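Read off the chains here:
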Amino acid sequence: MLIPLAFILLISAIDIASPPYIHLGPLLVVAPAITASFAGARLTALIGAVAVAAQVVIGLYHGGLTTSNHEAQLVALIMVSAVIVLYCRVRERHGRELTRVRSVSEAVQQVLLRPLPPRLGPLRVATMYLAAEDEAHVGGDLYASARIGRETRLIIGDVRGKGLSAIGDSAHLVGAFRELAHQHRDLTALASGLEKSYCRHLAELAQTDGEVGERFVTALLLDLPDATPIVRLTNCGHPPPLLLTRRQVTPLDVQYSAPPLGMCELPVIRHSLETFAFETGDTLLLYTDGVTEARDHSRAFYPLADRIAHWSTLGPESLLHHVRRDLLDHVGGRLRDDAALIAVQRMPE
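Residues numbered from 1 in each chain as written. Predicted model: local features only at pLDDT ≥ 70, side-chain atom pairs only at ≥ 80, totals over all residues. Heavy atoms only, no water.

Brief notes about the overall build of the protein
- For the protein, the count of helices and strands is nine helices and eleven strands.
- Since a compact globule built from 349 residues should have a radius of gyration of about 20 Å, the 30 Å found for the protein marks it as more spread out than a globular shape.
- When its C-alpha atoms are laid out on the principal axes, the protein stretches across 95 × 50 × 40 Å.
- Considering only residue pairs separated by 6 or more positions, the protein has 70% of its internal contacts joining residues 24 or more positions apart.
- Carbon and sulfur atoms form 58% of the exposed surface of the protein, whose accessible area is close to 17,400 Å². (Helix = DSSP H or I, 4+ residues; strand = E, 2+ residues; numbered from the N terminus. Rg over C-alpha atoms; globule rule 2.2 N^0.38 Å. Contact = heavy atoms within 4.5 Å. Areas by Shrake-Rupley, 256 points an atom, 1.4 Å probe, with all protein chains shown as cover.)

Rendered as structure tokens:
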């Protein structure tokens, strides 16, 4: 507030000290304009009123307010100040609306993509989600976990598309996983159950949405037993997880990856189950293609496997912190697609 007042005093003093044919009063509009950049409508209106009062003092000093020149300056200052105050009120209303949108988005995130527990049996877990939509907290990527006896079951997936339709598909699949994960002991059966559930979801939407045939979800399902140092995988068209072991990064490629969920027209979909070693101290990094397909200014993809080799000895939280910072630096601060990551480290029981 001191800067606008200083401008008013300075302009007024110079105008009063100047010859009568020099008019600096119109510059007083700078004060409410500056105030609007950091303050609300009330303070801007107050500074505008002080500027008008200063214009009155200048007019009286230079021969009264009855001259057409001073009257025009005074009317112009009042009108411009009023427009600036009106702009502040509109900006404040939009700010309140944006705050409400953020609150709703955060509530949706807590329901749909609540962070995974930091500890699941002998596993340390950290998650990260970066939504591509402006001011959004959720998008088309998904993840969830379930404890089945002495095992941890995870899913990470990527819904084709963006916006509300992708969020709706993501919400349905997360809900289906949380229910079906406790009904199927085998990952292949779980994958088949998720496929059927998602196809029913698309069939219901087909009555109002003619583009459901273009919607599908890539997904990766994992079982991590507490007592056995292994990980079991079923892949449905999703990027393979990365295994970090003492500065070595190995993609866990399965021999057969099933099509993404939602290929409802295919007659038979075969889901396979493969097992990999996952020793104490190892870390699994699960991710969506929003990470690996992020491009820099030269259109080069983000080299996830190469970058994380430098941080393979870090814990899950620190690893994702470095990936987040490095990924945003790579793309110049903004992603074009949603990105989700899960880091899972096996600790001694």
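Some points on the sheet that holds strand 6 (residues 230-236)
- Sheet architecture is open: five strands sit in the order 3-4-5-6-9, paired in antiparallel fashion. Two strands bound the open sheet, and with one partner strand each, they are strand 3 (141-148) and strand 9 (274-277). Each adjacent strand pair in this sheet contributes to an overall mean axis angle of 20 degrees, direction not counted.
- With four bridges connecting them, strand 6 and strand 9 associate as antiparallel partners. Along strand 9, the bridge assignment pairs Val-231 with Phe-276. (Pairing = 2+ DSSP bridges. Axes fitted to C-alpha atoms, helices over the stretch in contact; angles between N-to-C directions.)

Brief notes about the packing of helix 1 (residues 2-17) against helix 3 (residues 41-61)
- In the contact formed by helix 1 and helix 3, the axes pass within 10 Å of each other and the chain directions differ by 10 degrees. One way to sum up the angle between helix 1 and helix 3 is to call them roughly parallel. The residues of helix 3 that touch helix 1, namely those facing Pro-4, Leu-5, Ile-8, Ser-12, Asp-15 and Ile-16, are Ile-47, Val-50, Ala-51, Ala-54, Val-57, Ile-58 and Tyr-61.
- Classifying every residue of the contact of helix 1 with helix 3 by side-chain character gives eleven nonpolar, one polar and one charged. (Parallel < 35°, antiparallel > 145°, perpendicular 65-115°, else oblique. Nonpolar A, V, L, I, M, F, W, Y, C, P; charged D, E, K, R; others polar.)

Details of a nonpolar patch on the surface
- There is a patch of nonpolar side chains on the surface, built from Met-1, Leu-46 and Val-50 and spanning about 240 Å² of accessible area.
- Structurally, the position occupied by Met-1 is in the segment before helix 1.
- On the accessibility criterion, Met-1 (44% relative accessible area) is partly exposed. (Patch = residues over 30% accessible without salt bridge, like charges linked within 9 Å, V, L, I, M, F, W, Y side chains within 5 Å. Salt bridge = Lys/Arg side-chain N within 4 Å of Asp/Glu carboxyl O. Buried < 20%, exposed > 50% of the residue type's maximum accessible area, 1.4 Å probe, protein only.)

Structural notes on the pairing of strand 3
- Where burial is concerned, most of strand 3 is hidden: seven out of the eight residues are buried.
- Here strand 3 runs beside strand 4 (residues 151-159); their pairing, made up of eight bridges, is antiparallel. In the sheet register, Ile-148 faces strand 4, and the bridge partner there is Glu-151.
- Linking strand 3 back to strand 4 in an antiparallel pair, the connection comprises two residues, with Gly-149 at a positive phi of about 60 degrees.

Description of the pairing of strand 4
- Here strand 4 lies mainly inside the structure; nine of its nine residues are buried.
- Alternating residues of strand 4 divide into Glu-151, Arg-153, Ile-155, Gly-157 and Val-159 and Thr-152, Leu-154, Ile-156 and Asp-158, and every residue in both groups is buried.

Examining the sheet that holds strand 11 (residues 339-346)
- Spatially, six strands are ordered 1-2-11-10-7-8 in an open sheet, and the strand pairing comes out antiparallel. Both edges of this open sheet fall to strand 1 (119-120) and strand 8 (248-251), since each of them pairs with a single strand only.
- Sheet analysis places strand 7 (residues 242-245) next to strand 10 (residues 283-287), joined by three bridges and oriented antiparallel. The residue of strand 10 that forms the bridge with Leu-244 is Thr-283.

Some remarks on the nonpolar core
- Formed by 48 residues in total, the largest nonpolar core has its most connected members in Phe-177, Leu-194, Leu-222, Leu-224, Val-231, Leu-284 and Val-344.
- Contacts of Leu-222, omitting those with residues within four sequence positions, involve Thr-152, Arg-153, Leu-154, Leu-187, Val-231, Arg-232, Leu-233, Leu-284 and Leu-286.
- One finds Ala-126, Leu-244, Ala-294 and Leu-319 within the second-largest nonpolar core, a separate group that totals 22 residues. (Core = buried A, V, L, I, M, F, W, Y, C linked by side-chain atoms within 4.5 Å.)

A short note on the environment of Gly-121
- Structurally, Gly-121 can be placed in the loop between strand 1 and strand 2 (123-130).
- In this structure Gly-121 touches Arg-147 and Asp-226, once residues within four positions along its chain are discounted.

Concerning the state of the cysteines
- A complete count under the given rule lists one disulfide for this structure.
- With its sulfur 2.2 Å from that of its partner, Cys-199 forms a disulfide with Cys-264. Torsion about the S-S bond of the Cys-199 and Cys-264 cystine: about -105 degrees, corresponding to left-handed handedness. Placement of the pair is Cys-199 in helix 6 (residues 187-205) and Cys-264 in the loop between strand 8 and strand 9, with a sequence separation of 65 residues.
- Among the residues examined, Cys-264 registers a relative accessible area of 34% and is labelled partly exposed.
- Cys-199 supplies the cysteine sulfur nearest to Cys-236, a cysteine that is in no disulfide, at a spacing of 11 Å.
- A residue is classified by how much of its surface remains accessible, and Cys-236, at 1% relative accessible area, is buried. (Disulfide = S-S within 2.5 Å.)

A look at the confidence of the model for the protein
- Per-chain confidence: the protein averages 87 in pLDDT, with 91% of residues scoring 70 or above.
- For the protein, the element scoring lowest by mean pLDDT is helix 4 (residues 68-112), at 78; strand 10 scores highest, at 97. (pLDDT = per-residue confidence, 0-100.)

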